[in-house]
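# Inside the fold
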Amino acid sequence: MATLLELSIGYALVCVLAAMALCAGRLLIGPSAHDRVLALDTLWMCGMLLALVLGIRFGTQVYFEVAMLIALVGFVSTIAMAKFLMRGEIIE
């Protein structure tokens, strides 16, 4: 019989994957560039959460390091995209 933790992790995986699918849909059909940037921002956040849930599920440190890298790269890329949408250039 599955424990409560295993059921919770399975439910969390399903929810994160559903959120990623919805974000990917918004990324593809978003009416404006701002919607696409927000969808991409949410998509990398869901990817980070997926890595964290998998790290808890398998009990290894590699997934937590991957989540940290995703968080750092995602934050910098979101700032760059927002700056590009506001000014039209990234580097001044």
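These numbers were taken from a predicted model, which means no experiment stands behind them. (Residues numbered from 1 in each chain as written. Predicted model: local features only at pLDDT ≥ 70, side-chain atom pairs only at ≥ 80, totals over all residues. Heavy atoms only, no water.)

Mapped onto the present numbering, the UniProt feature "transmembrane region" (unreviewed entry) falls on residues 6-25, 37-56 and 62-86. Taken end to end, residues 37-56 has its terminal C-alpha atoms 29 Å apart, with 100% of it in helix and 0% in strand. Each end of residues 62-86 is marked by a C-alpha atom, and these two atoms are 36 Å apart; helix forms 100% of the span and strand 0%. (UniProt positions renumbered as here; feature names shortened; annotations may be inferred. Helix = DSSP H or I, 4+ residues; strand = E, 2+ residues; numbered from the N terminus.)

What follows deals with the confidence of the model for the protein. Residue-level pLDDT values for the protein average 90, and 95% of them are 70 or greater. Looking across the protein, the model is least confident in helix 3 (residues 62-87), with a mean pLDDT of 89, and most confident in helix 1 (residues 4-29), with 95. (pLDDT = per-residue confidence, 0-100.)

For helix 1, with 26 residues, the first-to-last C-alpha span of 38 Å sits near the 38 Å given by 1.5 Å per residue. Within helix 1 the residues assigned to the buried category are I9, L13, V16, M20 and C23. Packing partners of the buried residues in helix 1 comprise helix 2 (33-58). (Expected span 1.5 Å × (residues − 1). Buried < 20%, exposed > 50% of the residue type's maximum accessible area, 1.4 Å probe, protein only. Contact = heavy atoms within 4.5 Å.)

Attention now goes to the state of the cysteines. Here the structure, examined in full by the defined rule, presents zero disulfides. Considering cysteine sulfurs only, C46 is the nearest to C15, which forms no disulfide, with 11 Å between them. What makes C15 partly exposed here is its relative accessible area of 35%. Here C46 stays free of any disulfide, with the sulfur of C23 as its closest cysteine sulfur at 4.6 Å. (Disulfide = S-S within 2.5 Å.)

This next bit is on a nonpolar patch on the surface. A cluster of nonpolar side chains, F75, V76 and I79, forms an exposed patch at the surface whose accessible area comes to about 310 Å². For I79, the position within the fold is in helix 3. For I79, a relative accessible area of 47% corresponds to the partly exposed category. (Patch = residues over 30% accessible without salt bridge, like charges linked within 9 Å, V, L, I, M, F, W, Y side chains within 5 Å. Areas by Shrake-Rupley, 256 points an atom, 1.4 Å probe, with all protein chains shown as cover. Salt bridge = Lys/Arg side-chain N within 4 Å of Asp/Glu carboxyl O.)

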